[in-house]
Amino acid sequence: MGRPRSRRRRYGTPGHRSHRGRPDPSHGLDPSAGRPPAVRGRALADGLVQLLFGPPAPLKRRNVALLLLCAALAALLCLAPSGPLSNEEERAWERVRAAQDHLASCRAARGMGPSAEDPFSTGLIGVEWSPLTTTLGSLPSKQASTNPVWAVLFLRWFDRLGLKSGDRVAFLSSASFPGLLLSGLAAAEERGLDVLLIASLGASTWGANEVSFPLPVILSELRLGGYLSTKAAFYSLGGDDERGGGFPDEGAAILKESAEAEGVPLVFGLGSVVEAKKEALRAFSPRLVVQIGGGRANLGDDEVVLSLPPGLLDASFADRGGNGLIASALQEGWPVLHLLNLAEVARREGIPFDGRPVRRGPAPFRRLRALAGGGLFLLLLVRYRRWELSD
């Protein structure tokens, strides 16, 4: 009895059908037809790799050296800081962070526990709504404003204007961004500047709007802890008419009581507040006016002020200043540091909008770095042997 004949699968030549009657997958224009998607994906990836780096072959020594050189230079471009902190900048950063720790302790002593909206325990993030709340605000902006790197940026803004110890700077602030106000005051005191502070006490959401921790209490605690020495010249209530318009009578009463406890006078009414601020600025004659937040007296009610870009402004912007204190300062020839659209300022100046505060300076876009990165790419493109042309 003979051995059983083995059953072997036979396939036809291209263009013929197999014994199972299926077409040969190698027939046709698409060589990948019939392949599983994973196989086709790997084939595409292999094709791209070969296009960029040539067919599989041991890397030439010159190419290995070039790749290592480019990797090292790219790491230097990406990791090199925008400039180490000076001793003054380091002190300002530490001062703000220590002040935040102190405020967090003060809040805890008043029965206010940790807040999920204040992940780094700065003590400077309020609540979404309270009787002290005037308007809607952005929580990410309020959180970003607590980064101590703003104190470093304030010092660099002072440098741009050539401000030295003894020069005068006026802060016109709302209670919406207590983090920015702390950084600005800390930087000014670190520089030895003479400071005039005038603030409105109403706050947008997530600002200094907690009933038991309004702006006068925050500033008092910072002075008692030795983190600041500046005391406001006077306050206004803020709101639509600088009389507390927009929040209930309960909120106005709380703010009046907190101002009285701090021993700072209150000025009521939009016209009175504007006039009092103008007189204070003329008598003070500052080298710089810092405007923080969206106080009605500071911005005015002319919508043209909304076209002002945030950041440092000079007299050339006076025609866009509207009819508030910003316009008056620019017309007087005083530079204005306008801090309202915080996201735009942070993007332009290189301040991260999220993440844990890190002791380093801002990292703005550097044109020279961009050009160096482009040149590095061209070097790799020209010198790396990926393919050769043949006749």
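Residues numbered from 1 in each chain as written. Predicted model: local features only at pLDDT ≥ 70, side-chain atom pairs only at ≥ 80, totals over all residues. Heavy atoms only, no water.

## A word on the confidence of the model for the chain
- On average, residues of the chain score 83 in pLDDT, and 75% of them reach the 70 mark or higher.
- Of all the helices and strands in the chain, helix H13 (residues 367-383) carries the lowest mean pLDDT, 64, while helix H6 (residues 178-191) carries the highest, 98.
- Taken as a whole, residues 6-21 scores under 50 in pLDDT and shows 14 contacts with residues more than four places along the chain or in a different chain.
- Every residue in residues 25-29 scores below 50 in pLDDT, and together they form two contacts with partners more than four places removed in sequence or on other chains. (pLDDT = per-residue confidence, 0-100. Helix = DSSP H or I, 4+ residues; strand = E, 2+ residues; numbered from the N terminus. Contact = heavy atoms within 4.5 Å.)

## Section: the layout of surface pockets
- Considered as a void within the structure, the largest pocket measures approximately 500 Å³ in volume.
- At the level of secondary structure, the elements contributing two or more residues to the lining of the largest pocket comprise helix H4 (139-144) and helix H10 (296-299). (1 Å grid on protein atoms, 1.4 Å probe; cavity = no way out; pocket = protein on both sides within 12 Å on 5 of 7 lines; lining within 4 Å. Points joined across faces, edges and corners; volume = space filled by probe spheres on them.)

## What about the sheet that holds strand E6 (residues 266-267)?
- The strand order E6-E5-E2-E1-E7-E9-E8 describes an open sheet built from seven strands, whose pairing is mixed. Because the sheet does not close on itself, it has two edges, and the strands there are E6 and strand E8 (311-313).
- As paired strands, strand E7 (residues 288-292) and strand E9 (residues 336-339) are joined by four bridges and run parallel to one another. Across the sheet, Ile292 pairs through a bridge with Leu339, a residue of E9.
- Along the sheet, helix H5 (residues 149-160) contacts strand E1 (168-173), E7, E8 and E9; its crossing angle with E9, the most-contacted strand, is approximately 150°. (Pairing = 2+ DSSP bridges. Axes fitted to C-alpha atoms, helices over the stretch in contact; angles between N-to-C directions.)

## A few points about the nonpolar core
- Within the largest apolar cluster, 61 residues are counted, with the highest numbers of intra-cluster contacts made by Trp150, Phe154, Phe158, Phe171, Tyr235, Val290 and Leu339.
- Counting residues per element, this core draws most heavily on H5, at eight residues.
- Contact partners of Trp150, with chain neighbours within four places excluded, come to Ala144, Ser145, Trp157, Leu180, Ser183, Leu342, Val345, Ala346 and Ile351.
- Residues Phe284, Ala297, Leu308 and Ala318 belong to the second largest nonpolar core, which totals 25 residues. (Core = buried A, V, L, I, M, F, W, Y, C linked by side-chain atoms within 4.5 Å. Buried < 20%, exposed > 50% of the residue type's maximum accessible area, 1.4 Å probe, protein only.)

## Considering the environment of Pro352
- Locating Pro352 in the fold gives a position in the loop between helix H12 (342-349) and H13.
- Put simply, Pro352 and Ala144 are 208 residues apart on the chain and 7.5 Å apart in space, counted from C-alpha to C-alpha.

## Considerations on the environment of Ala187
- Its location among the elements puts Ala187 in helix H6.
- For Ala187, a relative accessible area of 0% translates into the label buried.
- Not counting residues up to four positions away in its chain, the partners in contact with Ala187 are Ala151, Phe154, Leu155 and Phe158.

## Here we look at H6
- Across its 14 residues, H6 extends 20 Å between first and last C-alpha, which sits within 8% of the 20 Å expected from 1.5 Å per residue.
- Most of H6 sits out of view: 14 of its 14 residues are buried.
- Looking one or two residues past H6, Gly192 carries a phi angle of roughly 85°, positive in sign. (Expected span 1.5 Å × (residues − 1).)

## Here we look at the pattern of salt bridges
- In the structure shown here, the tally under the stated rule is 16 salt bridges.
- Here Glu344 makes a salt bridge to Arg348, at a shortest N to O gap of 3.8 Å. Here Arg348 and Glu344 lie together in helix H12, a separation of four residues that amounts to about one turn.
- Taken together, the shared-partner salt bridges connect Arg91, Arg95, Glu189 and Glu190 into one network. (Salt bridge = Lys/Arg side-chain N within 4 Å of Asp/Glu carboxyl O.)

## Quick look at the packing of helix H3 (residues 87-109) against H5
- Two elements in contact, H3 and H5, have axes separated by 8 Å at closest approach and are oriented at 140°. In the crossing of H3 with H5, the sense of the turn from one axis to the other is right-handed. Here H3 contributes Glu88, Glu89, Ala92, Trp93 and Val96 to the contact with H5, which in turn contributes Val149, Ala151, Val152, Leu155 and Arg156. (Left-handed = near helix turned anticlockwise from the far one by under 90°.)

## Description of the packing of aromatic side chains
- Enumeration according to the criterion identifies three aromatic pairs in this entry.
- Note on Phe154 and Phe158: the rings are 6.2 Å apart at their centroids and 50° apart in plane angle, and the pair reads as tilted. In this pair, Phe154 and Phe158 both sit in helix H5, four residues apart, roughly one turn of the helix. Judged on exposure class, the residue Phe154 and its partner Phe158 are both buried.
- Centre to centre, the rings of Phe154 and Phe171 are 6.4 Å apart; their planes meet at 45°, and the pair counts as tilted. (Phe/Tyr/Trp six-rings, centres within 6.5 Å; stacked < 30°, edge-to-face > 60°.)

## Regarding the side chain of Gln291
- When you line up the elements, Gln291 lands in strand E7.
- Under the relative-accessibility criterion, Gln291 is labelled buried at 1%.
- From its side chain, Gln291 meets the backbone oxygen of Gly293 in a polar contact 3.2 Å long. (Polar contact = N/O pair within 3.5 Å; in protein donor to acceptor, adjacent residues only side chain to side chain.)

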